[in-house]
Amino acid sequence: MSDQNFYPQAVEPNNGRTVGGTEHSWCLAVPGGTGITVLALLLSKPPNHSLFQNALRKLQISHPILRSKIRHDPTSHSFSFVTAPSPPLQLDLPSTHLTHFHSILEHELNRNTWLHPDPPSHSETEVFFASVYASPDAKWTLVLRLHTAACDRTAAASLLKELLELMGKNEAEGAGIGWDSGEMVEVSLGIEDMVPRGKASKPFWARGIDMLGYSLNSFRLANLKFEDASSPRSSAVVRLQMDVASTDRLLAPPKLLQGCKSRDLKLCGVLAAAGLIAAHSSKCLPVHQQEKYGVVTLTDCRSILDPVLDSHHPGFYHSAILNTHDVKGDETLWDLAKRTYDAFAKAKNYNKHFSDMADLNFLMCKAIENPSLTPSSSMRTSFISVFEDPIIHCSSKLHQQIGVEDCIGCASVHGVGPSIAIFDAIRDGGLDCACVYPTPLHSREQMQQLVDNMKIILADDSNYAES
């Protein structure tokens with residue numbers, strides 16, 4: 001197992017458990033603005049609030065962590081999951097001037113329910129919230145907002161699928177959902193306690209050398225220009241989408257994924273490379289002037305844990321690999337994509353997603369505690385973050401029945417994190433990415449231009465030429 005000596009220990013609660021090392025890092029990050037996970041659904045039909053509430057209760061019955069609270073003990077500086085005996089969630093119907101789907105999404109990304117009390121005191125806060133927004137144009141937005149320690153991206157996508165199935169089933173049957181108090185199930189272990197034996201092993205001296213290397217590299221990394229590094233921050237979203245026609249012509253997932261397969265790489269490498277090329281070109285540097293950028297790749301570990309977990313298992317079971325890449329500006333998309341993906345794959349083959357887990361969590365916590373350790377106190381730890389695999393989403397008759405018009409899933413990054421976090425999906429055959437960034441550290445105009453350039457790079461026909 002990973003070394004957890006970095007993290008404060010607490011007495012195990014009778015109706016829950018103390019958080020693990022990675023979960024502890026998220027419990028520190030979320031109050032600062034990173035790790036508020038949001039799933040937003042745009043509907044063309046009015047939702048049945050009773051059926052929606054019943055479906056949410058069913059999710060909490062099936063998944064104990066979703067009816068848990070995060071308990072903070074300021075004396076021991078520790079956090080615990082405390083599981084409620086019955087589903088506590090109540091549907092929120094906000095009265096707000098917000099009417100546009102995108103504005104509601106950004107609003108929810110910045111609704112931080114998990115701020116620590118000032119002065120410090122014991123606190124308990126639910127990990128799961130749900131809201132329904134009504135718009136004057138006869139549209140409705142359903143929002144699930146979760147603490148990332150309790151629900152990562154894989155779990156969020158599965159929860160959304162479960163929720164829609166439950167809503168469709170309830171609507172067809174008109175049945176309520178009861179609660180059996182005898183169905184108590186424990187919250188699962190944290191990722192550190194499920195790493196296969198020996199996979200996270202690292203000599204003490206090697207850990208020290210790696211942490212020194214990560215620390216020194218952080219001062220050498222290039223960043224996008226910081227527009228305003230002193231004002232309070234929030235998370236904003238720019239969307240990178242390609243319609244079906246454009247995707248079929250230029251970046252069709254079958255063509256793209258075939259291109260990746262023929263070059264033995266994944267989509268994450270292509271997205272990271274497009275971001276690196278766009279970032280370097282945005283600075284108008286002299287030809288061949290080299291800069292070093294940090295790329296974080298998040299990988300879902302469920303299938304390689306002991307015991308193995310399926311995608312429907314809530315919790316945070318991702319791990320991160322941080323690589324740095326030199327970019328000169330003359331790279332082609334596919335060459336740089338191959339280089340970025342190979343670096344990630346090599347690190348993963350050496351189990352660095354397990355062996356470096358505690359190191360990266362520790363450094364993340366230190367950046368939260370001491371923002372001055374990061375450039376301009378920006379709390380930027382890399383340029384870009386990507387996921388190893390995209391979410392695959394296909395519309396169905398159920399979506400038509402419920403009236404689903406649009407869907408976005410992403411998480412906030414305005415605390416510690418990258419300048420741009422890519423939450424990618426293949427939706428009905430088209431590439432659809434929510435690109436989340438901290439503002440006003442970066443302006444919307446700046447990030448829109450960056451994403452627009454990424455799209456141009458991705459859509460460049462010449463990048464598909466056979467090598």
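Reading guide: rules and limits
- Sequence positions are assigned chain by chain, starting from 1 and proceeding in written order.
- Owing to the predicted nature of the model, reporting of local features is limited to residues with pLDDT of at least 70; listing and counting of side-chain atom pairs is limited to 80 or more, with chain, interface and lining totals taken over all residues.
- The side-chain quantities take in all heavy atoms of the structure and omit both hydrogens and water.
- In DSSP terms, a helix is any run of H or I states spanning at least four residues, a strand is any run of E spanning at least two, and both are numbered starting from the N terminus.
- Contact definition: two residues touch when any of their heavy atoms are within 4.5 Å.
- Using a 1.4 Å probe, the Shrake-Rupley method yields the accessible areas, and only the shown protein chains count as cover for residues.
- By nonpolar core we mean a set of buried residues, namely Ala, Val, Leu, Ile, Met, Phe, Trp, Tyr and Cys, connected to one another through side-chain atoms within 4.5 Å.
- The rule is simple: take the accessible area with a 1.4 Å probe, protein chains only, and divide by the maximum for that residue type; under 20% is buried, over 50% is exposed, in between is partly exposed.
- Helix span is expected to be 1.5 Å times the residue number reduced by one.
- Of all possible arcs, the one meant is that of the directions from the helix axis to the C-beta atoms.
- A pair is scored as a salt bridge if a Lys or Arg side-chain nitrogen falls within 4 Å of a carboxyl oxygen belonging to Asp or Glu.
- The angle between two axes is taken between their N-to-C directions and runs from 0 to 180 degrees, where each axis is a line fitted to C-alpha atoms and a helix contributes only its stretch in contact.
- Angles below 35 degrees are treated as roughly parallel, those above 145 as roughly antiparallel, those between 65 and 115 as roughly perpendicular, and all remaining angles as oblique.
- Take the far helix as the reference: if the near one is turned anticlockwise from it by less than a right angle, the crossing is left-handed, and if turned clockwise, right-handed.
- Side-chain rings of Phe, Tyr and Trp (the six-membered ring for Trp) are treated as a pair once their centres are within 6.5 Å; stacked means planes under 30 degrees apart, edge-to-face means over 60, and tilted covers the remaining angles.
- In this scheme, Lys NZ or Arg CZ marks a charge over a ring once it lies within 6 Å of the ring centre and within 35 degrees of the ring normal.

**Q** Can you break down the overall build of the protein residue by residue, with the values?
**A** If you tally the helices and strands in the protein, you get 13 helices and 15 strands. Counted over contacts in the protein with a minimum sequence separation of 6, partners at least 24 positions apart contribute 81%. Counting every atom, the protein has about 19900 Å² of accessible surface; 53% of that belongs to carbon and sulfur.

**Q** So, the nonpolar core: which residues are in play, and what are the values?
**A** In terms of nonpolar packing, the biggest core is built from 47 residues, with Phe383, Ile420, Ile422 and Leu458 touching the most fellow members. A total of eleven residues in this core trace back to one element, the largest contributor, which is helix α8 (residues 267-281). Not counting residues up to four positions away in its chain, the partners in contact with Phe383 are Leu224, Gly275, Leu276, Ala279, Tyr293, Gly294, Pro418, Ser419, Ile420 and Leu450. Core analysis: the second largest hydrophobic core is formed by 46 residues, Phe52, Phe81, Trp140 and Ala367 among them.

**Q** Now, about helix α9 (residues 333-349): what can you tell me, with residues and values included?
**A** With 17 residues, α9 should cover 24 Å at 1.5 Å per step; its first-to-last C-alpha distance of 24 Å lies within 8% of that length. The complete set of buried residues in α9 reads Leu333, Trp334, Leu336, Ala337, Thr340, Tyr341, Phe344, Ala345 and Ala347. Down the axis of α9, the smallest arc covering the buried residues is 165 degrees, so these residues share one side. Exposed residues on α9 whose side chains face more than 90 degrees from its buried face are Asp335, Lys346 and Asn349. After α9 finishes, the residue Asn351 shows a positive phi value of roughly 65 degrees.

**Q** A description of the pattern of salt bridges should follow, citing residues and the corresponding values.
**A** All chains considered together, the criterion is met by 23 salt bridges. The salt bridge partner of Asp432 is Arg427, with a shortest N-O separation of 3.1 Å. Judged on exposure class, the residue Asp432 and its partner Arg427 are both buried. By sharing partners, the salt bridges in this structure join Asp92, Glu108, Arg111 and Arg145 into a single network.

**Q** Just give me the short version of the packing of α8 against helix α13 (residues 444-458), but keep the residues and values in it.
**A** Any two packed helices are characterised by the angle at which their axes cross and by the distance between the axes. At their nearest, the axes of α8 and α13 sit 9 Å apart, and the two run at 120 degrees to each other. Overall, the two elements α8 and α13 adopt an arrangement that is oblique. Crossing hand, α8 versus α13: right-handed. Taking contact as the criterion, the partners of Val270, Leu271, Ala274, Gly275, Ile277, Ala278 and Ala279 in α8 are, on α13, Leu450, Asn453, Met454, Ile457 and Leu458.

**Q** Tell me about the packing of aromatic side chains, and name the residues and values.
**A** Overall, the coordinates contain five aromatic pairs when judged by the stated rule. Ring geometry for Phe387 and Phe423: centres 5.4 Å apart, planes at 45 degrees, overall tilted. Pair noted here: Phe387 is in strand β11 (residues 380-387) and Phe423 is in strand β14 (residues 417-427), with a separation of 36 residues, a long-range link. We note Arg153 situated over the ring of Phe387; from NZ or CZ to the ring centre the distance is 3.9 Å.

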